[in-house]
Amino acid sequence: MEGFREDLEVWVPEADREPETHEFDRYQLDPVAYAWEQLGLRPWPGTVEKGQLELCLDIAESVRLQLGGEKATKVFRVEAGNGLGKTYFGAMLVNWFFDAFSPSVTITTAPTRESVEQLLWKDIKAMRPHKLSGRVLPSDAKMIKSANHFAVGKATNDARGSGEERFKGQHPTFQMFVLDEAEGLAKFVFDAVHRMMTGSRVSICLMLANPKTRTSEFFKWKDRAGVASYRLSALDHPNVLNDSHEIPGATDRAWVDGNIDLWCEEVRAASADDYTFSVAWRPGIVYKPNHEFLCAVMGIPPANSSDDTLIPSGRYDAAVLRGRAVVSPSRQVAPLRIGVDVARWGLDSGTVYARCNNVVWRVAKLSQKETDAYVRAIRTEALKLLREGVCLPSLHVRVDAGGGWGSGVIDALKRDEELRRAFKDFRVLEVNNNGRPHTPKSYANLVTEMYADVSESLLGLSVLLPATELGPDLTERKYGWKNVKAVSVKVLEEKDEVRKPNRLGRSPDDGDGFCLAVASDFVFVPALENPVTGAMWAKAGGR
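Summarised in this report is the structure supplied together with it. (Residues numbered from 1 in each chain as written. Predicted model: local features only at pLDDT ≥ 70, side-chain atom pairs only at ≥ 80, totals over all residues. Heavy atoms only, no water.)

Spatially, the 8 strands line up as an open sheet ordered β5-β6-β7-β4-β8-β9-β3-β10, and their pairing is mixed. For this open sheet the edge positions go to β5 (135-136) and β10 (227-232), each flanked by a neighbour on one side alone. Each of β3 (75-80), β8 (174-179), β9 (202-209) and β10 is contacted by helix α2 (residues 52-67), which is oriented at about 155° to β9, the strand it contacts most. Of the strands in this sheet, β3, β4 (104-110), β6 (142-146), β7 (149-155), β8 and β9 are in contact with helix α3 (residues 86-100), which crosses β9 at around 165°. (Pairing = 2+ DSSP bridges. Helix = DSSP H or I, 4+ residues; strand = E, 2+ residues; numbered from the N terminus. Contact = heavy atoms within 4.5 Å. Axes fitted to C-alpha atoms, helices over the stretch in contact; angles between N-to-C directions.)

Right, here's the structure in full:
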């Protein structure tokens, strides 16, 4: 029977349907072989970071796990510099999925119809040999084999708030989504894809963008659970490394050299904060890239200016990168520090973070849970680490006590006999963010000094499986200056300011919990001032 896919505007006449064939099943676990044998293409390998080849292998591994009914990464997010073939790569994978999985549905999208038709689908059609089965519609972004086997490109819009409803509706056996120019896509597209990636035997989502900001929904998916993020940099491309044109149509060394001269500054030493780099063909020189170079060449979204933030985004990114190599805290026993930011009202969430052996991770996220939930999460994590020999019997729990919201957790922890017996050095610290800092000559309050101290600590820390919200919480919270007793000191932006729609639009719960766990012990020892000499000394702390 003839069929009309109303949701995708695909008309499939009976006469145009082609019989399903399974001769391409052998390519399901080998997109690299498909690319070469059917399209004459070779995905390029990475050297420092993963390239197209490694991304293909990771997607193939995801397919293998899904076919076996095992848990697998399904979302592959790619940040790329210019001229690295990200859209061409996406086109290759669309053809692979269309041919290797039968029946399958592939949906591609981009911010505008022109982007859909003139970029991704232009490449899909140009690289596809006529010998391959399926009807390619010459005037539309569509390929069809049958009513339940097709690929289609759709531009997105959210007119009258119904964009997500129009976008969703598919749950086939095999499905693939390609989000091209993904930085320009609205949140409803990501939400719709997230909801649709269930109920299928195999689901793959490929997100592609040349990132220019850290505020897009695409960027927010960077550290989301179940998402594999990749960065394709021209500095790691074979044409650039080998000073060749072995990958036709891609960028080359001359282009990179020109942009180094135009957009980079020679500096004395490397700095993760500034994303500095060196290249083998210009030995002994360290370059500091500007925002244009970061985006166009390295595929790195330019950071917000660090002039008004305490924690540089480059420093945080380096800590996250180190965390990817960490499975769990090492057994070099060290003290355990736990930070607790208790949920207050509305959409606020409570967070519990732990730091041990220079590794930091989120223990729990609790939405306005009762006191017992916090105490259980803390007790369970602390006793497990002690039992496994990961930490010393030294546990300090720092609880945000602002507004009295953490008082129940503080009181319950102080009464916890199991923790008191297990940890010889057991302390529960009642932390008032607006309280007196350890260094009042530099900071207006305790929370400002916490964030400043954490900025230094991040140089040697590994952040394990970071929450999506953590990066913005730490790197986008601004500070200003305040005059205290004729001295200008730094003061961190208030939570109420951060909650505003033009800022983060929410409470920085992950950032506060993280800093409570990570800040050095001395920060929580307030300094007292000698009324005669004005000299500062530290007040001794207790249980």
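Next comes the rest of the account.
Glancing now at the packing of aromatic side chains. Scanning all chains against the criterion turns up 13 aromatic pairs. Taking the centre distance of 4.4 Å and the plane angle of 25° together, the rings of phenylalanine 97 and phenylalanine 101 count as stacked. Each member of the pair, phenylalanine 97 together with phenylalanine 101, is buried. Look at phenylalanine 101 and phenylalanine 174: their rings are 5.2 Å apart centre to centre, the planes differ by 50°, and that puts the pair in the tilted class. With phenylalanine 101 in the loop between α3 and β4 and phenylalanine 174 in strand β8, this pair connects stretches of sequence that are 73 residues apart. For the residue pair phenylalanine 101 and phenylalanine 174, the accessibility class agrees, reading buried in each case. An aromatic cluster is defined as three or more aromatic residues linked by ring pairs; in this entry it consists of Trp96, Phe97, Phe101 and Phe174. Directly above the ring of phenylalanine 218 sits arginine 77, whose terminal nitrogen or CZ lies 4.1 Å from the centroid. (Phe/Tyr/Trp six-rings, centres within 6.5 Å; stacked < 30°, edge-to-face > 60°. Buried < 20%, exposed > 50% of the residue type's maximum accessible area, 1.4 Å probe, protein only. Lys NZ or Arg CZ within 6 Å of the ring centre and 35° of its normal.)

Take helix α6 (residues 187-196) next. Burial analysis of α6 places 7 of its 10 residues in the buried class, the great majority of the element. Among all positions in α6, only Phe188, Val189, Phe190, Asp191, Ala192, Val193 and Met196 are buried.

What the 6 strands build is an open sheet, ordered β17-β16-β13-β14-β15-β18; its pairing is mixed. Looking at which strands have only one partner, the edges of the open sheet turn out to be β17 (425-431) and β18 (462-463). Pairing analysis gives 5 bridges linking strand β13 (residues 334-341) to strand β14 (residues 350-356), with the strands arranged antiparallel. Directly across from aspartate 341, in β14, lies its bridge partner threonine 351. Strand contacts of helix α13 (residues 407-414): β16 (391-400) and β17, with the helix running at about 165° to β17, the strand carrying the most contacts.

Counting 63 residues, the largest nonpolar core has Leu93, Trp96 and Phe277 as the members making the most contacts within it. Element by element, the count of residues in this core is highest for α3, at 9 residues. Setting aside anything within four residues of it in sequence, one finds leucine 93 in contact with Pro31, Cys56, Ile59, Met176 and Leu206. (Core = buried A, V, L, I, M, F, W, Y, C linked by side-chain atoms within 4.5 Å.)

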